[in-house]
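These are the residues of each chain, in order.
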Amino acid sequence: MDPDPPENQYCVSRPIYSNHMFEEDNERQIREEKTFREKLSRMCGSCSGRQILRMLKGVFPVIDWLPRYPIRAWLPSDVISGISTGLVCSLQGMAYALLVSVPPVYGLYSAFFPILTYFFLGTSRHVSVGPFPVTCLMVGSVVLTLAPDDHFLLPANGTVDVNGSATGGAAVDLDAMEAQRVMVASTMTVLVGLLQVLMGLLQVGFLVRYLSDPLVGGFTTAAAFHVLVSQLKIVLSVPTNNHSGLFSIVYTLVDVFTNIRRANMADLLAGLLTVLIVMAVKEINTKFQHRIPVPIPIEVIVTAVAAAISYAAELESRCGASIVRSIPRGFSPAQPPNTELLSDIMGSSFSTAVVGYAVAVSVAKVYAAKHDYTIDGNQELIAFGCSNVFCGCFSSFVASTALSRTAVQESTGGRSQVAGVISAVMVMIVIVALGHLLEPLQKSVLAAIVIANLKGMFLQVAEVPRLWRQSRADCFIWLATCLASVVLGLDVGLLAGLLFEMGTVVVRTQFPACSTLGNIPGTNIYKNVKDYKNIAEIPGVKIFKCNSPIYFANIDYFKERLRATVGFDAVTVFKKRNKALKKIHKLIKKGKLKATETGEVVSEAALGVENKGFESERDGGRDFRQVEEEDRPSDEVEVRVDWASELPVRVTVPKVRIHSLVMDFSAVSFLDVVAVKSLRLVIKEFLRVGVSVYIAGCDAFYTADEIVRKMEAAAFFDETVTRDFLFLSVHDAVLFIKLETANVNAQDAIIERLSLQQDSKEPSPFTEEEDLIETYDNQHMAIHGLSN
C-alpha cells in the first residue's frame with residue numbers, strides 16, 4: 001500500500017487530557033441559568049417600540065410582507081393563479097363535502113372562509129388552504145357515528161340510498177339529518193381549531209415530528225382506501241348502511257357488492273369516464289408541465305360538461321341519477337358550536353388536528369425550501385387553528401391543505417397569499433352567483449374527482465419495497481399503521497401506528513448496538529474489531545462502546561454486553577476470590593499452608609510435608625455470595641496471591657485478563673438516575689477486582705459537558721469514583737493507561753497484595769446500602785421479595 005502524500009496527513013501535538021485537566025487548562029466557565037421570573041421580567045422590562053412591532057409581525061406576518069409586496073412583478077401572476085386555483089377549490093370543496101356526509105354547498109363554505117384568516121396569520125406564501133380528503137374523512141366518520149341515518153327514519157327502520165330516500169318503506173327527515181350533521185361537523189371543526197391554537201401557544205409544534213414519514217405514508221394510504229370505498233357507493237349509486245369504527249370498510253364493501261345489481265348505470269358511466277379523463281389529463285399536465293404555461297383545469301371542464309349533459313338529458317328524471325339538487329345562494333348565518341358534543345368528539349378532534357397540521361406543514365416546507373424562505377411551525381398551528389375556529393362558526397368543516405391544490409397555485413405562477421385571496425373571491429362568486437348552475441351535476445362526477453385525486457396517495461405503496469431494503473423497522477411502521485388504520489378506523493389506527501412507532505424506538509434503544517473497539521495502528525482511530533482486519537486491541541485493555549442513550553430500560557442489557565466483552569463477571573470474581581482467601585486462611589490456621597516472609601503462600605508439600613487438608617470447593621451448602629463475619633481472618637498476616645496461576649485450594653476463580661476498561665460514551669446522549677446509579681456500582685465492582693475503569697467521550701454530544709453535569713447532579717462521583725476517570729477521547733484514555741503501566745512496570749501487575757484483615761482495617765469501596773444491591777438480576781430479586 002502506497003503511503004499517503006504529505007498533504008493528506010496531519011500531526012497534532014497536545015497533552016493527554018482528562019476532563020479535569022482540560023477544564024483547568026482552558027478555564028471552564030460556569031453557566032448561569034436564569035429563572036423563569038428573570039426571563040419574564042427581562043422580556044417585559046425591555047419592551048421597546050421595535051420589539052412590540054416585531055411581536056406583532058410574528059403574530060400577524062401579513063404586516064411584514066404586504067407593505068413590501070411588489071405589485072407590478074407579482075400581482076399579474078397572483079391573479080392568474082388565484083383564478084385557476086379558485087375554480088379547483090370550488091369543485092374539490094363540493095366533492096370533499098361528500099366525504100363529510102354534508103351537502104356540497106358546505107364544501108364551498110369550507111373552501112372560502114379559512115383562506116381569509118390564513119392570509120393574515122400564515123407564514124407560507126404558497127399553500128392553498130381548504131379541505132383535505134383525509135381530514136374530511138376523519139370528520140365524516142364522526143358525523144356518521146353521532147348522526148347516522150337510523151336516527152332520522154320517521155315510521156320505521158330501513159336502508160337509505162344515496163339520494164336520501166328510504167328503500168324499506170321508511171321516510172327520512174332530510175332537513176333534520178342535514179342540520180344535525182352540519183352541527184356535528186362545524187362543532188368538531190371549532191374544537192380542532194381550538195386545540196391547534198392551544199398547541200401553537202404552548203409551542204408544541206415539535207410534537208408533529210413524532211409522525212415520521214413511514215407513519216404518515218401508511219396512514220394516508222389507508223385513508224385513501226377509506227376514501228375510495230366511501231366514494232365507490234356514490235359512483236355506483238347503490239344503497240348502503242352507514243358504518244364507522246372497527247371493520248367499517250369491510251362492512252361497507254359487503255353492502256356495496258350485496259346491492260351491486262341495483263347500481264345506476266348513468267351514474268356509473270359518468271363516474272368511470274370522469275376518473276379516466278381526469279387522470280389522463282393530469283398525466284399530460286405533469287409530463288408537459290414545462291411546455292404548458294398553465295395546467296389544463298380538467299376538473300372544471302369535466303364538471304361543466306357533466307352538468308350540461310345532465311341538465312340537457314334530464315338524467316335525474318329519466319335514469320334516476322343522483323344529482324346535487326340544491327345549492328342555495330349566499331352564506332348561512334354564523335352559529336355557535338354545540339358544547340354538548342365536545343366530550344364525544346375530543347379524541348377524534350385531537351387526532352384530526354394533528355393530522356391536518358402535519359400535512360399542511362409538510363406541504364408548506366416543500367415549497368418554502370423550493371422558493372428559499374422559512375416558515376414558523378408554531379405560527380402555522382395558530383394560523384390553521386384560527387382558520388378552523390372561524391370557518392367552524394360558519395357551518396364549515398376542517399381546513400388543511402392538499403398537495404394537488406397547492407401545486408396548481410404554485411405552478412400557475414402564485415407568488416403569495418394574494419393568490420389565495422383571489423381564489424377565495426372565485427369561490428365566493430360560485431357561492432353567490434354560479435352555484436345554481438351546478439345543481440344538475442351528478443354526485444358520481446364529484447365522487448370520481450375525489451377518486452382521481454387519490455392517485456398520489458396510492459402510489460405511496462411503491463415505497464414499501466424501498467423501505468424494506470433500507471430499514472426493516474420503518475417498513476414495519478408503514479405496514480402496521482396502514483393495516484391498523486384500515487381495520488380499526490383512521491383515528492384509532494393513527495394512535496396504534498404511533499404506539500407501534502414508539503415501540504420500535506424503545507426496542508432499538510433497549511437493545512443497543514454495543515461493540516469492542518480496537519486501534520488502527522499508528523493512528524488515533526478506534527473502530528469495531530469485527531469490521532477491519534488491520535486493527536489491534538490494546539494488550540490488557542478492553543474498549544467498550546454503547547451506541548445509544550443509557551437509561552432504566554436498557555441498563556441491564558448494557559451490563560450483559562459489558563460482561564460479555566470483558567469475559568468475566570466482576571461480582572463473581574470478587575466473591576470467588578473472597579472464598580479462596582477464606583479457605584487459604586483456614587489452611588494457614590491449620591498449618592497446612594505457610595506464608596513466607598514475602599507474603600507468598602506455599603503448601604506443606606512444597607516444604608517436604610504432605611498436605612492432607614487440601615479442601616475442595618464444596619463448603620457445606622453455603623452460598624458463595626455470603627461472606628460471613630465469623631469467617632473473616634483474625635490474624636494480621638499479609639499474603640500475595642497470584643490469581644493467574646493455580647491456587648493451593650480447589651476454588652475456581654475466573655481469570656481476569658485485563659487491567660483497564662475504557663467505556664466510550666461518545667454515542668451516549670443522556671443518562672437517567674437509574675443508569676447513573678448502576679454505572680457507579682459497575683465501576684466499583686471492577687475496581688474491587690483490580691481493573692481500572694475510564695470513561696471517554698462524554699462531551700461528544702454537548703459542547704458544555706452536559707453528560708458530566710447530569711452525572712454530578714445524580715451524585716455519580718464520590719471518593720472512589722472521581723472525575724479523574726473521565727477523558728476527552730478514547731485515545732487520551734489509552735495513552736494515559738500506557739503511561740501508568742510503564743510507570744509501574746517494575747511491579748508485578750498480575751500479583752495482587754491483599755490483607756487478610758482489609759475488610760476490618762480499611763473501608764470497603766461499597767457503602768452498606770450499595771453492598772446489599774446486586775448489580776445483576778435486580779428486578780428479579782425485587783419481585784421475589786415482594787412475592788414473599
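Let me sum up the structure you'll find in this document.

Cut-off values and rules
Residues numbered from 1 in each chain as written. Predicted model: local features only at pLDDT ≥ 70, side-chain atom pairs only at ≥ 80, totals over all residues. Heavy atoms only, no water. Helix = DSSP H or I, 4+ residues; strand = E, 2+ residues; numbered from the N terminus. Buried < 20%, exposed > 50% of the residue type's maximum accessible area, 1.4 Å probe, protein only. Core = buried A, V, L, I, M, F, W, Y, C linked by side-chain atoms within 4.5 Å. Contact = heavy atoms within 4.5 Å. Pairing = 2+ DSSP bridges. Axes fitted to C-alpha atoms, helices over the stretch in contact; angles between N-to-C directions. Expected span 1.5 Å × (residues − 1).

### Here we look at unusual backbone geometry
Peptide bonds are mostly trans, and most non-glycine residues show a negative phi. Positioned with a positive phi, phenylalanine 247 is a non-glycine residue whose angle comes to about 60°. Note that phenylalanine 247 resides in the loop between helix H9 (213-236) and helix H10 (248-258). Residue classification places phenylalanine 247 among the partly exposed positions, given a relative accessible area of 36%. The phi dihedral of aspartate 372 is positive, around 60°, even though this residue is not glycine. The topology assignment puts aspartate 372 in the loop between helix H14 (342-370) and helix H15 (377-392).

### What about the nonpolar core?
Counting 106 residues, the largest nonpolar core has Val100 and Val134 as its most contacted members. Looking at which element gives the most residues to this core, the answer is H14, with 13 residues. The residues touching valine 100, leaving out its near neighbours within four places in the chain, are Cys136, Val139, Gly140, Val143, Ala185 and Phe397. In terms of nonpolar packing, the next biggest core, distinct from the first, is built from 37 residues, Ile555, Phe665, Leu679 and Val691 among them.

### Structural notes on the sheet that holds strand S5 (residues 541-546)
Strand order in the open sheet formed by 6 strands is S4-S3-S5-S9-S10-S11, and the pairing between neighbours is mixed. Single-partner strands in this sheet number two, and they are strand S4 (526-528) and strand S11 (726-727). Contacts from helix H23 (residues 555-566) reach strand S3 (514-519), S5 and strand S9 (660-664), with the element oriented near 155° to S5. Lying on the sheet, helix H27 (residues 730-743) is in contact with S4, S5, S9, strand S10 (692-696) and S11; it crosses S9 at an angle near 170°.

### Side note on helix H7 (residues 133-146)
Taking 1.5 Å of rise per residue, 14 residues should cover 20 Å, and H7 covers 20 Å from first to last C-alpha, within 8% of that figure. Burial of H7 is extensive: 11 of the 14 residues sit out of reach of the surface. For H7, every residue scored as buried is listed here: Pro133, Val134, Thr135, Cys136, Leu137, Met138, Val139, Gly140, Val142, Val143 and Leu144.

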